[in-house]
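Structural description and commentary
Read off the chains here:
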Amino acid sequence: MFAEFLHYYPGYTVQTVLKEYAVTFYALLSAMYRLKAVESIDNAQGHAAALSGGSGFDEYVKYKSDQAGGGHKLLEEVKNAREARNNVN
C-alpha cells in the first residue's frame, strides 16, 4: 500500500508521507483506489466497445469525446454568462 501510494503520488517522499496526517494519507489512498477503479472500468468498456464494433463503438467514442470536451464547454458557458451579464448592464 505504501509503495503504491508513493508510485501514484510522485510528489511525496517517504519522509513527507510519514509526516502527513493519517486522515489525509487515507483520504488520498482511498481517492487513488477509486481513480484506479474508474480507469480499469473505462479500459474494459473501451475494449468491449472495440470488440463489439459498429454502433456500440461509435457511441463509446462519442461519449468519450463529449466527456473530454467538458472543460471547453464549461468555458463556453462562462463566456456566454459574462456576455449576458454585460448586455443587462
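Structural data are supplied above this passage.
Structural notes, computed from the coordinates. (Residues numbered from 1 in each chain as written. Predicted model: local features only at pLDDT ≥ 70, side-chain atom pairs only at ≥ 80, totals over all residues. Heavy atoms only, no water.)

1. Digging into the overall build of the chain
- When helices and strands are counted, the chain shows 5 helices and 0 strands.
- Secondary structure elements of the chain occur, N-terminal to C-terminal, as α-α-α-α-α.
- The buried share of the chain, reckoned over its 89 residues, is 11%.
- Long-range contacts, defined here as pairs at least 24 residues apart, represent 31% of the contacts in the chain between residues at least 6 apart.
- For the chain, the computed accessible surface area is about 7,100 Å², with 61% contributed by carbon and sulfur atoms. (Helix = DSSP H or I, 4+ residues; strand = E, 2+ residues; numbered from the N terminus. Buried < 20%, exposed > 50% of the residue type's maximum accessible area, 1.4 Å probe, protein only. Contact = heavy atoms within 4.5 Å. Areas by Shrake-Rupley, 256 points an atom, 1.4 Å probe, with all protein chains shown as cover.)

2. Digging into the packing of aromatic side chains
- All told, the structure shown has 7 aromatic pairs when counted by the stated rule.
- A ring pair is formed by phenylalanine 2 and phenylalanine 25, whose centres lie 6.4 Å apart and whose planes are at 40°; its orientation type is tilted. Separated by 23 residues along the polypeptide, phenylalanine 2 in helix 1 (residues 2-8) and phenylalanine 25 in helix 3 (residues 22-52) bring together distant segments of the chain.
- Residue class for phenylalanine 25 comes out buried when judged on its relative accessible area of 9%.
- Taking 4.8 Å as the distance between ring centres and 45° as the angle between the ring planes, the aromatic pair formed by phenylalanine 5 and tyrosine 9 counts as tilted.
- Here phenylalanine 5 falls in the buried class, since its relative accessible area comes to 1%.
- For tyrosine 9, a relative accessible area of 17% corresponds to the buried category.
- In textbook terms, an aromatic cluster arises when at least three aromatic residues are bridged by ring pairs, as seen for Phe2, Phe5, Tyr8, Tyr9, Tyr12, Phe25 and Tyr26. (Phe/Tyr/Trp six-rings, centres within 6.5 Å; stacked < 30°, edge-to-face > 60°.)

3. Some points on the nonpolar core
- Within the largest apolar cluster, 6 residues are counted, these being Phe5, Tyr9, Val17, Phe25, Leu29 and Met32.
- Tallying contributions element by element places helix 3 first for this core, with 3 residues.
- Excluding residues within four positions of it along the chain, phenylalanine 25 makes contact with Phe2, Phe5, Val17 and Glu20. (Core = buried A, V, L, I, M, F, W, Y, C linked by side-chain atoms within 4.5 Å.)

4. Quick word on a nonpolar patch on the surface
- Taken together, the side chains of Met1, Tyr26 and Tyr33 define a hydrophobic patch exposed on the protein surface, amounting to about 340 Å² of accessible area.
- Taking the relative accessible area as the measure of exposure, tyrosine 26 reaches 48% and is therefore partly exposed. (Patch = residues over 30% accessible without salt bridge, like charges linked within 9 Å, V, L, I, M, F, W, Y side chains within 5 Å. Salt bridge = Lys/Arg side-chain N within 4 Å of Asp/Glu carboxyl O.)

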